[in-house]
Amino acid sequence: MTDPSTNMRLKLPITCFILQIILIILFGVLVQYDEDTDAKKHHHGNHSEAKSDIENDFYYRYPSFQDVHVMIFVGFGFLMTFLQRYGFSSVGFNFLIAAFSLQWATLMQGFFHGLHEGKIHIGVESMINADFCTGSVLISFGAVLGKTSPVQLLFMAVFEVTLFAVNEFILLSLLGTRDAGGSMTIHTFGAYFGLMVTRILYRPNLDKSKHKNCSVYHSDLFAMIGTLYLWMFWPSFNSAVTEHGDPQHRTAMNTYYSLAACTLSTYAMSSLTAHDGKLDMVHIQNAALAGGVAAGTAGEMMLTPVGSMIVGFLAGIISVLGFKYLTPILESKLKIQDTCGIHNLHGMPGVLGAIVGAVTASLASREVYGEGLEKVFPDVASKERTASYQGGVQAISLAVTLGIALIGGLLVGFILKLPIFGAPRDNDCFEDSLYWEVPGEEESHENQMTDVKTEESDKLNS
Amino acid sequence: MTDPSTNMRLKLPITCFILQIILIILFGVLVQYDEDTDAKKHHHGNHSEAKSDIENDFYYRYPSFQDVHVMIFVGFGFLMTFLQRYGFSSVGFNFLIAAFSLQWATLMQGFFHGLHEGKIHIGVESMINADFCTGSVLISFGAVLGKTSPVQLLFMAVFEVTLFAVNEFILLSLLGTRDAGGSMTIHTFGAYFGLMVTRILYRPNLDKSKHKNCSVYHSDLFAMIGTLYLWMFWPSFNSAVTEHGDPQHRTAMNTYYSLAACTLSTYAMSSLTAHDGKLDMVHIQNAALAGGVAAGTAGEMMLTPVGSMIVGFLAGIISVLGFKYLTPILESKLKIQDTCGIHNLHGMPGVLGAIVGAVTASLASREVYGEGLEKVFPDVASKERTASYQGGVQAISLAVTLGIALIGGLLVGFILKLPIFGAPRDNDCFEDSLYWEVPGEEESHENQMTDVKTEESDKLNS
Amino acid sequence: MTDPSTNMRLKLPITCFILQIILIILFGVLVQYDEDTDAKKHHHGNHSEAKSDIENDFYYRYPSFQDVHVMIFVGFGFLMTFLQRYGFSSVGFNFLIAAFSLQWATLMQGFFHGLHEGKIHIGVESMINADFCTGSVLISFGAVLGKTSPVQLLFMAVFEVTLFAVNEFILLSLLGTRDAGGSMTIHTFGAYFGLMVTRILYRPNLDKSKHKNCSVYHSDLFAMIGTLYLWMFWPSFNSAVTEHGDPQHRTAMNTYYSLAACTLSTYAMSSLTAHDGKLDMVHIQNAALAGGVAAGTAGEMMLTPVGSMIVGFLAGIISVLGFKYLTPILESKLKIQDTCGIHNLHGMPGVLGAIVGAVTASLASREVYGEGLEKVFPDVASKERTASYQGGVQAISLAVTLGIALIGGLLVGFILKLPIFGAPRDNDCFEDSLYWEVPGEEESHENQMTDVKTEESDKLNS
């Protein structure tokens with residue numbers, strides 16, 4: 001029953017062990033607690049200067065971190081369980097590559113975000129950023145879902161995390177772009193990277209597994225667990241690393257209203273585009289989330305509640321139209337086989353979010369932001385740049401992100417195409433039993449009843 | 001396969017689009033960030049007067065908000081997935097009407113809670129209140145579950161949110177009632193409103209769908225996800241909008257002990273009322289939550305831990321008895337078809353909670369509350385009213401709530417009965433496939449094994 | 001269909017009612033709000049001395065409390081739903097015994113942690129500690145899962161909570177042991193107690209139920225919900241009762257990296273130890289969590305991120321090896337039937353965590369901890385004891401814990417063996433229908449389609 005080329009017995013353990021040992025060595029050499037985490041540093045200075053315990057960054061950010069963490073592991077993991085025979089892999093490979101990526105991201109981001117005397121300092125904010133970077137990898141995973149081995153996925157993560165950190169460094173540190181919720185750095189990057197990877201890994205004979213590339217009743221309910229956790233906690237996602245106080249508060253609220261409006265337009269469009277008016281679970285599971293993606297850049301800005309709602313409303317419409325009309329074209333014309341439709345959930349809404357962010361930034365003024373301008377646009381507040389210049393930088397950042405994502409995906413796609421990673425054959429795609437021990441079928445409850453009855457008679461006879 | 005009268009292709013999109021566009025217009029005209037959310041307002045005044053960032057209301061309330069949010073979308077949504085063929089609708093319509101209701105509630109509650117120079121100011125507290133109002137709509141949804149179209153549900157939400165806001169205004173603003181966790185405003189109101197609606201929508205021939213109005217093994221497990229999230233986060237629900245500090249702390253703890261005691265009495269009663277002592281999932285899924293409902297009013301008061309436990313203990317008993325003996329009578333004698341048994345989970349425990357609140361309030365004294373009296377009973381602390389007067393007001397509030405809920409439900413029920421909303425026919429109730437694309441049956445894993453084997457032989461032969 | 005000896009109609013209600021009434025009486029006599037929860041006490045003293053609201057312990061600990069709460073009810077509950085026919089009991093009995101244990105633990109721990117003028121003072125920290133103690137009972141539940149009646153489980157909880165509190169008192173109060181995340185007090189204690197209980201309850205003919213002691217496809221996915229919530233929230237678990245500020249921050253982060261490294265070694269070992277390289281869901285569901293257990297004692301110490309990763313890495317390896325090679329030996333040679341493999345998830349990793357804690361403690365110095373030494377090792381900071389003495393105390397604490405757990409499990413096992421608790425017969429184990437009303441089989445969706453078609457023709461004919 002096992003194909004030697006897809007047998008993971010040596011490939012997967014060796015890959016995991018080597019990667020983890022490299023991580024341990026690099027952490028040992030490079031990584032230290034930051035001052036809010038370290039027992040000694042936290043208590044430096046005299047007492048009147050010292051921060052009180054409640055002002056430790058932990059209390060500002062840890063609840064948001066945990067929400068983001070749930071999105072990464074349960075949200076992404078269960079969203080992808082919609083496939084009838086790929087639930088173990090969806091949630092299990094999601095778990096594996098996320099656990100790897102967050103460690104690797106700590107190093108890559110720490111390296112680019114600036115060393116402190118040769119050391120990377122970590123705390124709750126770096127944990128959130130590592131989870132964010134992981135999210136980008138999981139978005140790309142959605143495009144290749146069902147068609148890749150866990151070893152391929154781990155190698156994809158190695159490269160994607162690195163490129164993510166490069167792109168993020170260019171945007172946030174070099175260009176001074178604002179992108180707290182990651183419309184560009186996370187969603188646009190992850191989506192176009194993944195789409196390019198899946199383009200390079202194009203399988204002309206994928207229809208051999210077509211009958212498994214669909215959901216069943218209960219798998220759609222499992223997927224809704226993922227959807228709802230992503231939806232509910234997206235306000236925490238977008239606000240997790242904004243400045244303390246009103247920006248965090250405002251971002252969460254903008255995202256909340258964007259998502260609510262997006263949900264209504266998603267339901268409307270799903271029904272409208274079906275010939276019999278019936279709602280499609282694919283749309284509900286995915287497009288209803290586009291409002292969170294689209295509020296990723298402008299969420300921390302003075303987008304206003306109504307602005308957020310308009311953004312979410314449009315995102316839902318675009319996303320459903322994408323699922324309905326664009327995805328089939330991408331597959332047939334551009335040979336992009338996008339299992340989860342990440343172009344519709346992360347790609348287009350991410351671009352929309354970047355554009356909204358650029359426009360909103362270009363309209364920033366001290367009149368609207370008051371002294372709060374410092375927290376959202378420090379370069380504009382210090383008069384180093386004008387608001388319209390900031391808007392231009394935001395727009396350029398989108399182009400940079402698209403460029404790095406597409407070129408990176410191209411290169412990584414060719415690496416992953418090497419026949420050494422144990423990728424499934426065309427007729428084994430979307431199938432757990434290739435990489436997992438899968439239990440047998442459930443005995444029917446009627447048999448169960450019979451069992452109990454038999455036991456009863458056993459007892460009577462004894 | 002599709003009935004023109006229940007085809008949603010025009011009805012649902014038009015309803016969603018019109019409602020969302022109205023919301024966007026009204027938000028544009030009326031809604032502004034509050035001072036903890038706005039970039040400018042947050043930084044007014046000189047620095048010594050300004051709140052420190054950690055005192056932004058966000059940090060007091062956002063973790064509770066997210067817990068409430070999970071209760072609304074996952075808690076209510078999955079609790080109703082117990083029906084074997086109605087999981088998509090349970091979780092999906094819950095999602096839709098909640099996303100609408102929280103926007104509409106922001107406006108209605110903002111309007112009644114007081115405008116600021118013609119504007120509604122919003123922040124994390126208003127988000128929690130909007131979720132609370134949404135909870136009330138979802139309670140009513142439980143009564144009509146399986147028997148209504150999504151368009152009917154949206155219209156129900158439009159009216160119910162409005163009436164909720166009126167009732168809440170009368171209680172909290174006019175009468176000075178205390179009801180932080182909403183035993184009256186949320187649970188009693190939502191339950192009796194929903195019961196009246198389902199009474200008006202009475203279907204004499206509902207037994208045509210009777211075979212679908214029950215659970216299967218896995219649907220009961222999905223429902224337990226809903227139950228547990230409601231149970232675990234109820235302490236956050238009841239404490240989410242109490243005053244900062246000890247009231248929030250105390251409310252969470254009272255609710256925790258009330259629920260724990262309720263769980264034991266629920267298991268005891270479920271086993272006791274079964275002829276063979278077997279536990280009934282319906283009771284566990286619902287009655288174990290009654291302790292949270294019953295602690296909704298008095299939770300913030302000096303109810304004491306033991307008082308909370310007694311309240312929860314009684315709530316569990318009442319609730320199981322209701323499921324076992326009262327629900328069948330309500331259906332056969334009063335023609336109230338209550339799908340989820342909301343009378344047992346929200347109705348009676350809500351009334352119990354109101355009564356407990358009235359009694360506890362009437363016993364309030366400065367001796368027990370000290371300076372904390374100001375936070376819980378400001379009118380008693382300022383000697384505007386006596387504690388027993390406050391108790392009387394609480395009792396009157398229950399009567400007002402029941403009146404508005406029943407009359408409101410009556411009117412709204414008749415509106416929803418109009419044959420234009422696409423309600424299902426009697427033999428299509430409790431059936432997802434009427435409004436959803438439903439995937440086919442899962443291929444058995446035995447077939448799957450065969451597939452793999454066939455593929456193996458394919459390979460060997462090639 | 002019902003066996004009189006396992007009929008719960010009188011046994012379960014009587015047990016629940018008596019236990020709950022005893023709890024109510026004892027709470028009435030003994031339990032009071034603490035000063036952060038009480039309306040009066042919170043506002044004592046003059047205003048300049050009073051804590052500000054944000055410094056109420058609630059805001060430091062409540063988010064962690066809720067995460068722990070989710071681990072107890074959803075984490076443990078769903079982790080155990082992997083059995084094909086035991087989902088109701090896994091999640092339902094977990095719910096029942098947890099709701100009881102947290103009340104009983106409040107009393108037992110309050111009694112040992114020190115009375116205040118004869119009263120137990122409670123607040124969010126005591127709620128977390130009660131949940132912790134409950135966790136220990138649920139660990140033991142994992143060993144006897146499928147083989148015990150709910151009445152047996154309640155009695156096990158009565159005794160185990162008591163012994164837990166005794167052991168915790170000896171360690172934390174008498175010996176001055178540090179064990180914030182409970183590698184010893186919670187995991188080692190719960191595991192070895194449970195293993196001894198299941199040893200005493202040994203069933204030589206358990207293979208009569210062997211065909212039910214395994215998973216099915218969807219039950220493994222439900223179990224992954226439990227796994228992921230335990231994994232995600234373990235940082236909150238270990239940090240929930242550490243000192244405010246940097247210790248809480250550091251503990252969460254250490255646990256995060258320990259778990260991530262553990263996940264990679266778990267996947268590696270699971271694949272490596274399978275003859276065909278296929279991953280085993282049992283390992284993923286359980287061993288990936290061992291990193292949280294193993295960081296339970298040293299997590300609050302200056303373990304360093306790399307130290308945490310090494311600990312997690314080893315924990316995952318040990319845990320998978322245990323599942324693969326040790327569990328079968330324990331069953332065949334030592335007659336320990338450990339349904340969930342708690343020895344591999346909680347037993348060995350708990351001992352590892354205790355040893356890591358002892359070593360890390362013995363290396364503590366003011367050079368590394370600075371003034372923070374006071375928060376982690378108060379006795380070392382005050383020079384009452386040296387670091388190596390503290391390390392010795394930690395090691396002794398492990399021995400004490402093992403001793404109390406094993407002797408306690410022995411005694412309690414014999415009590416539970418009395419034939420009065422309604423334990424299932426050997427061929428009824430791992431079977432919900434013994435104690436639950438179990439719904440019938442789902443109608444196939446093909447039938448459903450037929451139904452709809454029939455209805456259509458009904459309508460056309462009418």
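None of these values were measured; they are calculated from a predicted model. (Residues numbered from 1 in each chain as written. Chains lettered and ligands numbered in written order. Predicted model: local features only at pLDDT ≥ 70, side-chain atom pairs only at ≥ 80, totals over all residues. Heavy atoms only, no water.)

## Some words on the overall build of chain A
Right, so step 1: Broken down by element type, chain A carries 17 helices and two strands.
Right, so step 2: A compact globule built from 462 residues should have a C-alpha radius of gyration of about 23 Å, and chain A, at 24 Å, falls within 12% of that.
Right, so step 3: Based on the C-alpha atoms only, the size of chain A along its principal axes is roughly 85 × 55 × 55 Å.
Right, so step 4: Here the analysis covers contacts within chain A between residues at least 6 apart in sequence; of these, 83% occur between residues at least 24 apart.
Right, so step 5: Charge-centre separation for chain A: the mean point of 28 positive side chains lies 8 Å from the mean point of 43 negative side chains. (Helix = DSSP H or I, 4+ residues; strand = E, 2+ residues; numbered from the N terminus. Rg over C-alpha atoms; globule rule 2.2 N^0.38 Å. Contact = heavy atoms within 4.5 Å. Lys, Arg positive; Asp, Glu negative; His and termini not counted. Charge placed at Lys NZ, Arg CZ, Asp CG, Glu CD.)

## Comments concerning the interface of chain A and chain B
Right, so step 1: Taken together, the contact between chain A and chain B spans 88 residues of the former and 88 residues of the latter.
Right, so step 2: Here chain A packs against chain B, burying approximately 7,900 Å² in sum over the two surfaces, 67% of which is carbon and sulfur.
Right, so step 3: Summed over the shared surface of chain A and chain B, the result is one salt bridge.
Right, so step 4: Of all the elements in the fold, those that place two or more residues in the side of chain A that touches chain B are helix H2 (57-79), helix H7 (217-239), helix H8 (246-272), helix H9 (281-286), helix H11 (305-334) and helix H13 (366-369) of chain A. (Buried area = accessible area lost by both parts, 1.4 Å probe. Salt bridge = Lys/Arg side-chain N within 4 Å of Asp/Glu carboxyl O.)

## So, the relation of the copies chain C and chain A
Right, so step 1: Mapping chain C onto chain A calls for a screw motion: a turn of 120° about the axis and a shift of 0.0 Å along it, with 0.0 Å RMSD after fitting. Those values place the two copies in the arrangement expected of a three-fold rotation axis. Residue C:Pro63, judged by its C-alpha, is the member of chain C lying nearest the rotation axis, at 3.7 Å.
Right, so step 2: An overlap of only 19% is found between the interface residues of chain C and their copies at the interface of chain A, pointing to separate contact surfaces. (Least-squares fit on C-alpha atoms with pLDDT ≥ 70 in both.)

## Here we look at the environment of A:Thr266
Residue and element names in this part refer to chain A.
Right, so step 1: Of note, Thr-266 is situated in helix H8.
Right, so step 2: The spacing of Thr-266 and Pro-328 is 62 residues in sequence and 19 Å in space, taken between C-alpha atoms.
Right, so step 3: When sequence neighbours within four positions are dropped, the list of residues in contact with Thr-266 reads His-283, Ile-284, Ala-287, Ala-288, Gly-316 and Val-320.
Right, so step 4: Among the polar contacts listed, one links the side chain of Thr-266 to the backbone oxygen of Cys-262, at a separation of 2.8 Å. (Polar contact = N/O pair within 3.5 Å; in protein donor to acceptor, adjacent residues only side chain to side chain.)

## Some points on the relation of the copies chain A and chain B
Right, so step 1: After a rotation of 120° and a shift along the axis of 0.0 Å, chain A superposes on chain B with an RMSD of 0.0 Å.
Right, so step 2: Of all interface residues in chain A, a mere 19% are interface residues in chain B too; the two copies therefore contact each other through different surfaces.

## Things to note about the interface of chain C and chain A
Right, so step 1: Taken residue by residue, the interface counts 88 residues in chain C and 88 residues in chain A.
Right, so step 2: In this assembly, chain C packs against chain A so that about 7,900 Å² is buried in total across both faces, 67% of it on carbon and sulfur atoms.
Right, so step 3: Where chain C meets chain A, there are 31 residue pairs in polar contact (both at pLDDT 80 or more).
Right, so step 4: Mapped onto the side of chain C that touches chain A, the elements with two or more residues apiece are helix H2 (57-79), helix H7 (217-239), helix H8 (246-272), helix H9 (281-286), helix H11 (305-334) and helix H13 (366-369) of chain C.
Right, so step 5: Per-element tally for the side of chain C that touches chain A: the top contributor is H8(C), with 19 residues.
Right, so step 6: For the side of chain C that touches chain A, the class distribution of residues is 46 nonpolar, 24 polar and 18 charged. (Nonpolar A, V, L, I, M, F, W, Y, C, P; charged D, E, K, R; others polar.)

## Some thoughts on the pattern of salt bridges
Right, so step 1: For the structure shown, the criterion picks out 33 salt bridges over all chains.
Right, so step 2: Where B:Arg178 meets B:Glu300, a salt bridge forms, and the shortest distance between an N and an O atom there is 3.4 Å. Remark: B:Glu300 occurs in the loop between helix H10 (290-294) and helix H11 (305-334) and B:Arg178 occurs in the loop between helix H5 (150-175) and helix H6 (183-200); sequence separation between them is 122 residues.
Right, so step 3: With its nearest N and O atoms 2.8 Å apart, the salt bridge here joins C:Arg203 to C:Asp426. Taken together, the residues C:Arg203 in the loop between helix H6 (183-200) and H7 and C:Asp426 in the loop between helix H16 (387-416) and helix H17 (445-461) connect sequence positions 223 residues apart. One exposure class covers both C:Arg203 and C:Asp426, and it is buried.
Right, so step 4: Sharing partners across several salt bridges, the network here consists of A:Asp53, C:Asp246, C:Arg250 and C:Lys375. (Buried < 20%, exposed > 50% of the residue type's maximum accessible area, 1.4 Å probe, protein only.)

## Digging into the UniProt feature "domain: Ammonium transporter AmtB-like" (unreviewed entry) in chain A
Right, so step 1: Under the present numbering, the feature "domain: Ammonium transporter AmtB-like" (unreviewed entry) in UniProt falls on residues 56-419 of chain A.
Right, so step 2: Between the C-alpha atoms that bound residues 56-419 of chain A there is a distance of 49 Å. The span itself is 74% helix and 1% strand. (UniProt positions renumbered as here; feature names shortened; annotations may be inferred.)

## Observations concerning the environment of B:Asp379
Residues and elements named next belong to chain B.
Right, so step 1: For Asp-379, the location among the structural elements is in helix H15 (residues 378-381).
Right, so step 2: The spacing of Asp-379 and Thr-177 is 202 residues in sequence and 9.9 Å in space, taken between C-alpha atoms.
Right, so step 3: Ignoring any residue separated from it by four or fewer positions in sequence, one finds Asp-379 in contact with Gly-176, Glu-384 and Arg-385.

## Observations regarding the side chain of A:Thr188
All names here are of chain A.
Right, so step 1: Within the element layout of this structure, Thr-188 appears in helix H6 (residues 183-200).
Right, so step 2: By relative accessible area, Thr-188 is classed as buried at 0%.
Right, so step 3: Once residues within four sequence positions are removed from consideration, Thr-188 is found in contact with Ser-183, His-346, Gly-350, Val-351, Leu-398, Thr-401 and Leu-402.

## Section: the confidence of the model for chain A
All names here are of chain A.
Right, so step 1: Summary statistics for chain A give a mean pLDDT of 93 and a share of 93% for residues scoring 70 or more.
Right, so step 2: Across residues 443-462, confidence stays below pLDDT 50; counting only partners more than four residues off in sequence or on other chains, it has 28 contacts.
Right, so step 3: If you check the scores for this complex, the pTM reads 0.95 and the ipTM reads 0.94. (pLDDT = per-residue confidence, 0-100.)

## Side note on the side chain of C:Ser209
All names here are of chain C.
Right, so step 1: You can see Ser-209 is positioned in the loop between H6 and H7.
Right, so step 2: On the accessibility criterion, Ser-209 (0% relative accessible area) is buried.
Right, so step 3: In this structure the side chain of Ser-209 is engaged in a polar contact, spanning 3.2 Å, whose partner is the backbone nitrogen of Cys-429.

## Concerning unusual backbone geometry
Both trends apply: most residues other than glycine have a negative phi, and most peptide bonds are in trans.
All names here are of chain A.
Right, so step 1: Notably, Lys-335 is not glycine yet its phi reads approximately 60°, a positive angle.
Right, so step 2: In this fold, Lys-335 is placed in the loop between H11 and helix H12 (342-362).
Right, so step 3: One non-glycine residue, Phe-430, lies in the positive phi region at around 55°.
Right, so step 4: Mapped onto the elements of the fold, Phe-430 is located in the loop between helix H16 (387-416) and helix H17 (445-461).
Right, so step 5: Taking relative accessible area as the criterion, Phe-430 reaches 1% and is therefore assigned buried.

## Here we look at a nonpolar patch on the surface
Right, so step 1: There is a patch of nonpolar side chains on the surface, built from A:Leu10, A:Ile14, A:Ile18, A:Ile22 and C:Leu272 and spanning about 440 Å² of accessible area.
Right, so step 2: Structurally, C:Leu272 is set in helix H8. (Patch = residues over 30% accessible without salt bridge, like charges linked within 9 Å, V, L, I, M, F, W, Y side chains within 5 Å. Areas by Shrake-Rupley, 256 points an atom, 1.4 Å probe, with all protein chains shown as cover.)

## Description of helix H1 (residues 11-30) of chain C
Right, so step 1: Compared with the 28 Å implied by 1.5 Å per residue over 20 residues, the 28 Å span of H1(C) between its first and last C-alpha is a close match.
Right, so step 2: Looking at H1(C), one finds that the buried residues are C:Leu12, C:Pro13, C:Thr15, C:Cys16, C:Phe17, C:Leu19, C:Gln20, C:Leu23, C:Ile24 and C:Phe27.
Right, so step 3: Of the surrounding elements, those touching the buried residues of H1(C) are helix H8 (246-272) and H11 of chain B together with strand E1 (31-33), helix H3 (87-113) and helix H5 (150-175) of chain C. (Expected span 1.5 Å × (residues − 1).)

## Focus on the packing of H11(C) against helix H12 (residues 342-362) of chain C
All names here are of chain C.
Right, so step 1: Orientation of H11 relative to H12, taken along the N-to-C sense of each, is 135°, at an axis distance of 8 Å. Put simply, H11 runs oblique to H12. In this structure, the crossing between H11 and H12 has a hand that is right-handed. Listed contacts from H12 to Val-311, Leu-314, Ala-315, Ile-318, Ser-319, Gly-322, Phe-323, Leu-326, Thr-327 and Leu-330 of H11 are His-343, Asn-344, Leu-345, Met-348, Leu-352 and Val-356.
Right, so step 2: Classifying every residue of the contact of H11 with H12 gives eleven nonpolar, five polar and no charged. (Axes fitted to C-alpha atoms, helices over the stretch in contact; angles between N-to-C directions. Parallel < 35°, antiparallel > 145°, perpendicular 65-115°, else oblique. Left-handed = near helix turned anticlockwise from the far one by under 90°.)

## Remarks on the packing of H8(A) against H11(A)
Residue and element names in this part refer to chain A.
Right, so step 1: For the pair H8 and H11, interaxial distance at closest approach is 7 Å and the crossing angle is 35°. By crossing handedness, the relation of H8 to H11 is classed as right-handed. Taken together, the residues of H11 that come into contact with H8 (itself represented by Asn-254, Tyr-257, Ser-258, Ala-261, Cys-262, Ser-265, Thr-266, Met-269 and Ser-270) are Pro-305, Ser-308, Met-309, Val-311, Gly-312, Phe-313, Ala-315, Gly-316, Ile-317, Val-320 and Leu-321.
Right, so step 2: Classifying every residue of the contact of H8 with H11 gives twelve nonpolar, eight polar and no charged.

## As for the packing of aromatic side chains
Right, so step 1: Throughout the structure, instances matching the rule amount to 90 aromatic pairs over all chains.
Right, so step 2: For the pair C:Phe189 and C:Phe193, a centre-to-centre distance of 5.8 Å together with 25° between the ring planes defines the contact as stacked. In this pair, C:Phe189 and C:Phe193 are both assigned in helix H6, four residues apart and thus about one turn of the helix distant.
Right, so step 3: Note on C:Phe189: relative accessible area 0%, which makes it buried.
Right, so step 4: Three or more aromatic residues joined by ring pairs form one cluster here, namely A:Phe73, A:Phe88, A:Phe93, A:Phe95, A:Tyr435, A:Trp436, C:Tyr217, C:Trp231 and C:Tyr267.
Right, so step 5: Between the NZ or CZ atom of B:Arg199 and the centre of the ring of B:Tyr202, over which it lies, the distance is 5.9 Å. (Phe/Tyr/Trp six-rings, centres within 6.5 Å; stacked < 30°, edge-to-face > 60°. Lys NZ or Arg CZ within 6 Å of the ring centre and 35° of its normal.)

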